[in-house]
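Below, each chain spelled out in residue letters.
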Amino acid sequence: MSAHMSRQSVDPRNAAMLESVLIGSPVARALGIRFDVVEPDHVELLLPFSMNNITVGDMVHGGVIATLIDVAGAAAAFSAVDLEAVKGGATGSLSIQYLAPARSATLRAVADVVRRGKRQVVTEVSV
């Protein structure tokens, strides 16, 4: 994993799962999503600007941003999960407030775990 790792490192098994399942997924690869920071309960992902990801002009498509948010939230959730107890996961709910258009820029998604329960993990993601 080429991401910055902090003093609090993510278990190598979790790091490998994040890289292979989330960043290695066809959709993440197609969009160009990559890790920048990976820590327990905190990740930062980058989405380089691409003309393939626009709606019109230089405006990044809202669905592409939603996908970045979804991947970032899942990565934060799985960054510190017990992989012996949890074998998979899915997004149960996603709410987005778009405040301004993203234009011609690499986007950074910063995701943090807000609450970790027995069956669900709540994350907050800012782009």
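For the structure itself, consult the block above.
Now for a quick tour of the structure. Quick caveat, the model's predicted, so the values are computed rather than measured.

A look at the layout of surface pockets
Then step 1. Computed from the structure, the largest pocket encloses a volume of approximately 1,400 Å³.
Then step 2. Taken together, 45 residues make up the lining of the largest pocket; nearest its centre are Gly73, Ala74, Thr91, Val121 and Thr123.
Then step 3. Ranked by the residues each element gives to the lining of the largest pocket, the list is headed by helix H3 (residues 62–78), at eight residues.
Then step 4. Partitioning the lining of the largest pocket into residue classes produces 26 nonpolar, 13 polar and six charged.

So, the nonpolar core
Then step 1. In terms of nonpolar packing, the biggest core is built from 31 residues, with Leu18, Ile33, Phe35, Val43 and Leu45 touching the most fellow members.
Then step 2. Mapped by element, the contributors of at least two residues to this core are helix H1 (12–23), helix H2 (26–31), strand S2 (34–39), strand S3 (42–47), H3 and strand S4 (107–116).
Then step 3. Among the elements that make up this core, the one with the highest residue count is H3 (nine residues).

Observations concerning unusual backbone geometry
Then step 1. With a phi close to 65°, aspartate 41 is a non-glycine residue in the positive phi region.
Then step 2. Here aspartate 41 shows up in the loop between S2 and S3.

Observations concerning the pattern of salt bridges
Then step 1. Summed over all chains, the structure comprises six salt bridges.
Then step 2. Arginine 108 is the salt-bridge partner of glutamate 44, the closest N and O atoms lying 2.7 Å from each other. Here arginine 108 lies in strand S4 and glutamate 44 lies in strand S3, a separation of 64 residues in the sequence.
Then step 3. Where arginine 103 meets aspartate 58, a salt bridge forms, and the shortest distance between an N and an O atom there is 3.0 Å. You can see arginine 103 sitting in the loop between H3 and S4 and its partner aspartate 58 sitting in the loop between S3 and H3, a full 45 residues away along the chain.
Then step 4. Here the salt bridges do not stand alone but share partners, grouping Asp11, Arg13 and Glu84 into one network.

Reading the values: the criteria
- Residues numbered from 1 in each chain as written.
- Predicted model: local features only at pLDDT ≥ 70, side-chain atom pairs only at ≥ 80, totals over all residues.
- Heavy atoms only, no water.
- 1 Å grid on protein atoms, 1.4 Å probe; cavity = no way out; pocket = protein on both sides within 12 Å on 5 of 7 lines; lining within 4 Å.
- Points joined across faces, edges and corners; volume = space filled by probe spheres on them.
- Helix = DSSP H or I, 4+ residues; strand = E, 2+ residues; numbered from the N terminus.
- Nonpolar A, V, L, I, M, F, W, Y, C, P; charged D, E, K, R; others polar.
- Core = buried A, V, L, I, M, F, W, Y, C linked by side-chain atoms within 4.5 Å.
- Buried < 20%, exposed > 50% of the residue type's maximum accessible area, 1.4 Å probe, protein only.
- Salt bridge = Lys/Arg side-chain N within 4 Å of Asp/Glu carboxyl O.

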